[in-house]
Structures are given as C-alpha cells and as structure tokens.
2 protein chains.
Amino acid sequence: MTGTLTIVGVGPGRPELMTPAASAAIAEATDLIGYGPYLDRVATSHPGQIRHASDNRVELDRARHALSLASDGRHVAVVSGGDPGVFAMAAAVFEAVEAGPLEWRDLDIRVEPGVTAMLAAAAEVGAPLGGDFCAISLSDNLKSWTTIRRRLEAAAAADFVIALYNPLSKARPHQLGEAFALLRQIKPPSTVVVMVRAAGSGDVRRIITTLGEVDPDKADMRTLVLIGSTATRLIARDGKSPFVYTLRREVEGGA
Amino acid sequence: MTGTLTIVGVGPGRPELMTPAASAAIAEATDLIGYGPYLDRVATSHPGQIRHASDNRVELDRARHALSLASDGRHVAVVSGGDPGVFAMAAAVFEAVEAGPLEWRDLDIRVEPGVTAMLAAAAEVGAPLGGDFCAISLSDNLKSWTTIRRRLEAAAAADFVIALYNPLSKARPHQLGEAFALLRQIKPPSTVVVMVRAAGSGDVRRIITTLGEVDPDKADMRTLVLIGSTATRLIARDGKSPFVYTLRREVEGGA
C-alpha cells in the first residue's frame, strides 16, 4: 500500500497566507478533495490531477472517500480552510480511520497546518489574543447547547479571551445572540468585542464594539467573533480604527 | 511620517511553514528586529537591510526600539516565532504604543499571522484540537500562579482540550508538574497527554502518554503540551506511533 493522504490547511483566504508546505502538498497530489469553495482557491497543478469538488457538508463521507482513494494507491490532498485541525477536516478524517477498515491505519496520513481564522482575525485588529484564550464552536450540530453554555460560562468566569467559530447560520440564527446574553450575565458591558468577517481575505470587514452594544445580526458563518478579557484594551487613533490588544499582564480588579 | 512596522510571525520552525506574506514583509523591511534565534531563521534579503539581533528577553524594550525606528521613517519588521499574536511580540508592541508618544499611534502598524506552536504540535500527532480548546501560558512572569490555577481548573471542569505554552524554564522548573497535579484532581488518569518538542521544525520529538503517567521533566521551553478532553482518543497502529484526535461530537458520560 503506497497511497498517501494529507489534510492540508489552505489558510484563511489570501493565497499569500497559505504556507509553502501546504502548496507543495497540493501540487504533489494526484487527487484533490474538498468542499467546493475551498477547492476553488487552489489551482490544478498538473494535467492528471483529479478534483473531487463537493457541495456535501457531511465531512465524514468526504473523509471516507479520501481514505478509499489513498487505499487504492492515490496521493490524496484533502483541502481544508484555515488550519485543518481547528473545526475543520482533520478530526473527521481520523474519526473515519478509527471506524474504518484496519488497513486504513497503515496509510501514510499527514496534517499540514495552516493559519486558522482566529489568528487572521486577531491580526486584522491588533493583538487581542495576547493573553490566555479559548476557541469555541457555537455549532450545536455535534454537541449540545448545554455543553456550549457551560464552556462559555467557564471561559468568561476564568477571564479567558474567547474566540467563537461558526457563530450562526441560516439553520441556527439565534446561537450568537444567546451566547452574548449569557456572557453579559458574567462580564461587564464594556468588554471589548470584535467581529471580523472574511479575515485574511481580500474582502475583510471589521466591527469593534462592546458586549453591551454588539449586534449579533451583523455576523454570519464567515465571521470570527472575539470577546475580550478584562485585560483587552482599545488604543484610540485619530481618524482611524482603534488598535485592539490584550495586555500580557493582569489588570488590578480584573475578574 | 512614512515609517512602517510589521510584526511578522515566522511560524514554528521549518521555512516551509512561514507564509509568503511573512516572507514578503521581511524581504521589504529596512530593519529586522528580533530575539536572536528567531532572526537567525531569516536571511538578509538586500544589502542595506539592518539586523538588530537581541538576546534581550525584555520584549517591551525591543518593541520601543522598533517603534522608534519606524517613527524615524524606517520600514521595520519585528520577527516573532509562531504567530506574533499568541504569547509573542504583538501584544508587547501595542502595549508600547499605548504607553508611548501619541505620534506612534499614527504609524502604519500591521500584524502578519503565522502558524502558532499549538497548531504545529497538533498536526504532528493527528487532530487533538478537534474540539473546543484553550491555550494557557504557564509563565507566571506577568500573571499570578493563582490566575493560572484558576484557568486550568475552569478549562478542565468544562472539558476543553488544553494547550500549554511555556510549560517550564530553568527559572521556574516546577510549574508543569504542579499543573499536571492540579489537573489530575479533576480529570481521569487515562486522559491523553501529548508533549511535542520543536513542533514544525526538522527536529521534532513526540511523547504520547496519559495524565496518570506523564513525566513533566521530559518537557522544556520548546515543548508544547496538549491535554485531551474526554473526547480525545488514540488510534493504535502496528509498529507506529498512534494517531491522536478529538472527536467532534460529545462522548456519553464525558465530563
């Protein structure tokens, strides 16, 4: 068995944010598999390269397809947005490996890391992840809303900076508003909130506001939401958007 | 004032993990500033480019130096390991901006994101960050050990995957052992623990073990420690290191 499978993170959007290692893994593949919008970001590198674009949101099916191809001796790149290990395709591939035929465990499976959305979003406004932080997906497709609430409460009480992935979608329009309402019971209304849409793309949109005033309807599935800790601050600038950063040290009277 | 300052993440080690955007920012700079070992990773790109290597661990001094140069009209790249916004130079630069002369706020200051150590470490073993996770620096140089303990307890109780940066150093050799002891009071001894030294470099070393058996003396300042959630699993392989991943869905009876 000489097939290989690499789960490749293509970064947040701009090609300049994709690592050379990720580009090389894509260039060497015989088969590219991915959700259409991610596949569209990468060029076909040689004439024999086959593209398996999918509008299929069922990650496990895509993972099994990729593993089957690798098992047939193909060199497969699973194309994933951001970093493949953060709310993306890598965990689905390993879940399929564990549940699949034993020979899949012998495949040469690698992960090529990338710049995940939260890092790109933070960089767009300054350094809001400058202290301890956590990343929570608000999607309750695979976990209960009770678990999500518990994690939000714990993160707020322990004064982490919080990055929210998958803040809402058409199928679940109310999660982000509920998350903000919950956080307002624990954190002061002056808490800095940043919403960055399409971070690290050519089409970025930034909103810098507070927990007391944030409007969840301004977010969509391409938005990364950052909620500051007590040490997250704004630096005002004349005629320009403020810088946002989190002090590395603690703040007197911080939660 | 036409100077610029870009805080550039050079990634975890291998040049292939540095984004083209980061490489371009470094190539265009008139001045490179950074802690020696990070500066050593990037080549001088043109004859006039000045390198300000530093063995100075005081990040704020380096930040002020960079801002002064930019203020004099230079094009400065602050070279930072991993992602500059995660336990690295970006927050120090903005802290210096806030405390410094008002004209520093008018400078064109940008952050070029990079692959942070936790993403590279996760990719080395599979997809351990596949669920909600948090990142905590164990350094108590700038925050109290009480705060660190509180965050570890909150993260464990809410069943986050936990990434520990700066696990220990010669000056503080006991933090990691104390963190493991604390986590053992909350999480089962079978919890998966991964220690990856020099992730994303040519010289990586991986330890895959459990919270019950982990030896903190096997870590150093270049080690990234990952502590699994109840959904973090191993996939055994014949004659090879197991894959480690975190299920995207919840586990029955999980904490």
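Just above, that's the structure.
Fair warning: this is a prediction, and the values are worked out from it, not measured in the lab.

Rules behind the numbers
- Residues numbered from 1 in each chain as written.
- Chains lettered and ligands numbered in written order.
- Predicted model: local features only at pLDDT ≥ 70, side-chain atom pairs only at ≥ 80, totals over all residues.
- Heavy atoms only, no water.
- Pairing = 2+ DSSP bridges.
- Helix = DSSP H or I, 4+ residues; strand = E, 2+ residues; numbered from the N terminus.
- Axes fitted to C-alpha atoms, helices over the stretch in contact; angles between N-to-C directions.
- Contact = heavy atoms within 4.5 Å.
- Least-squares fit on C-alpha atoms with pLDDT ≥ 70 in both.
- Buried < 20%, exposed > 50% of the residue type's maximum accessible area, 1.4 Å probe, protein only.
- 1 Å grid on protein atoms, 1.4 Å probe; cavity = no way out; pocket = protein on both sides within 12 Å on 5 of 7 lines; lining within 4 Å.
- Points joined across faces, edges and corners; volume = space filled by probe spheres on them.
- Nonpolar A, V, L, I, M, F, W, Y, C, P; charged D, E, K, R; others polar.
- Buried area = accessible area lost by both parts, 1.4 Å probe.
- Salt bridge = Lys/Arg side-chain N within 4 Å of Asp/Glu carboxyl O.

## Some words on the sheet that holds strand β10 (residues 205-210) of chain B
No. 1: Spatial strand order, β10(A)-β9(A)-β11(A)-β8(A)-β7(A)-β7(B)-β8(B)-β11(B)-β9(B)-β10(B): 10 strands in an open sheet with mixed pairing. In this open sheet, the two edge strands, each paired with only one partner strand, are β10 (205-210) of chain A together with β10 of chain B. Each strand axis lies, on average, 15° off the axis of its neighbour in the sheet, ignoring direction.
No. 2: Pairing of strand β9 (residues 192-197) of chain B with strand β11 (residues 223-227) of chain B involves 5 bridges; the strand directions are antiparallel. Within β11 of chain B, the position partnered with M195 of chain B by the bridge is V225 of chain B.
No. 3: On top of the sheet, helix α6 (residues 145-157) of chain B reaches β7 (133-137) and β8 (161-165) of chain B; it is set at about 165° to β7 of chain B, its chief contact.

## Comments concerning the relation of the copies chain B and chain A
No. 1: It takes a turn of 180° to lay chain B on chain A, together with a shift of 0.0 Å along the axis; the resulting RMSD is 0.0 Å. Expressed as a symmetry operation, the mapping of one chain copy onto the other fits a two-fold axis. Residue C134 of chain B, judged by its C-alpha, is the member of chain B lying nearest the rotation axis, at 1.9 Å.
No. 2: Counting the interface residues of chain B, we find that 100% of their copies in chain A are interface residues as well, pointing to one common contact surface.

## Examining the pairing of strand β4 (residues 75-80) of chain B
Residues and elements named next belong to chain B.
No. 1: By the criterion of burial, β4 is predominantly enclosed, with 5 of the 6 residues buried.
No. 2: Examined bridge by bridge, strand β1 (residues 4-9) and β4 share 6 bridges and lie parallel to one another. Residue pairing in the sheet places V8 in a bridge with V79 of β4.
No. 3: Both strand β2 (residues 31-35) and β4 contribute to a ladder of 4 bridges, which runs parallel.

## Structural notes on empty space enclosed by the protein
Space left empty within the atom packing is revealed by a probe, the size of a water molecule, rolled over the atoms.
No. 1: In this structure the tally under the stated criterion is 3 cavities of 30 Å³ or more.
No. 2: In this structure, the largest cavity encloses a volume near 40 Å³.
No. 3: Lining the largest cavity, in full, are D83, G85, V111 and P113 of chain A together with L119, A122, A123, G126 and L129 of chain B.
No. 4: Tallied by class, residues from the lining of the largest cavity come to 6 nonpolar, 2 polar and 1 charged.

## With respect to the sheet that holds strand β5 (residues 108-112) of chain B
In a beta sheet, neighbouring strands pair by backbone hydrogen bonds and run either parallel or antiparallel.
Residues and elements named next belong to chain B.
No. 1: Pairing in this open sheet of 5 strands is parallel, and the strands run β3-β2-β4-β1-β5 from one edge to the other. Each edge of the sheet is formed by a strand with only one pairing partner; in this case those strands are β3 (50-54) and β5. Ignoring which end each strand starts from, the neighbouring axes of this sheet average 15° apart.
No. 2: Helix α1 (residues 20-28) contacts β1, β2, β4 and β5 of the sheet and is inclined by roughly 140° relative to β1.
No. 3: Contacting β1, β2, β3, β4 and β5, helix α3 (residues 59-71) runs over the sheet at an angle of about 175° to β2.

## A few points about the interface of chain B and chain A
No. 1: Of the residues lining the interface, 70 residues belong to chain B; the matching set on chain A comes to 70 residues.
No. 2: Both sides of the chain B and chain A interface together cover about 6,100 Å² of buried area, and 57% of this is carbon and sulfur.
No. 3: When residues of chain B are sorted by the area they lose upon contact with chain A, D132, R151 and R248 of chain B head the list and together hold 13% of the total.
No. 4: For the interface between chain B and chain A, the tally reads 14 salt bridges.

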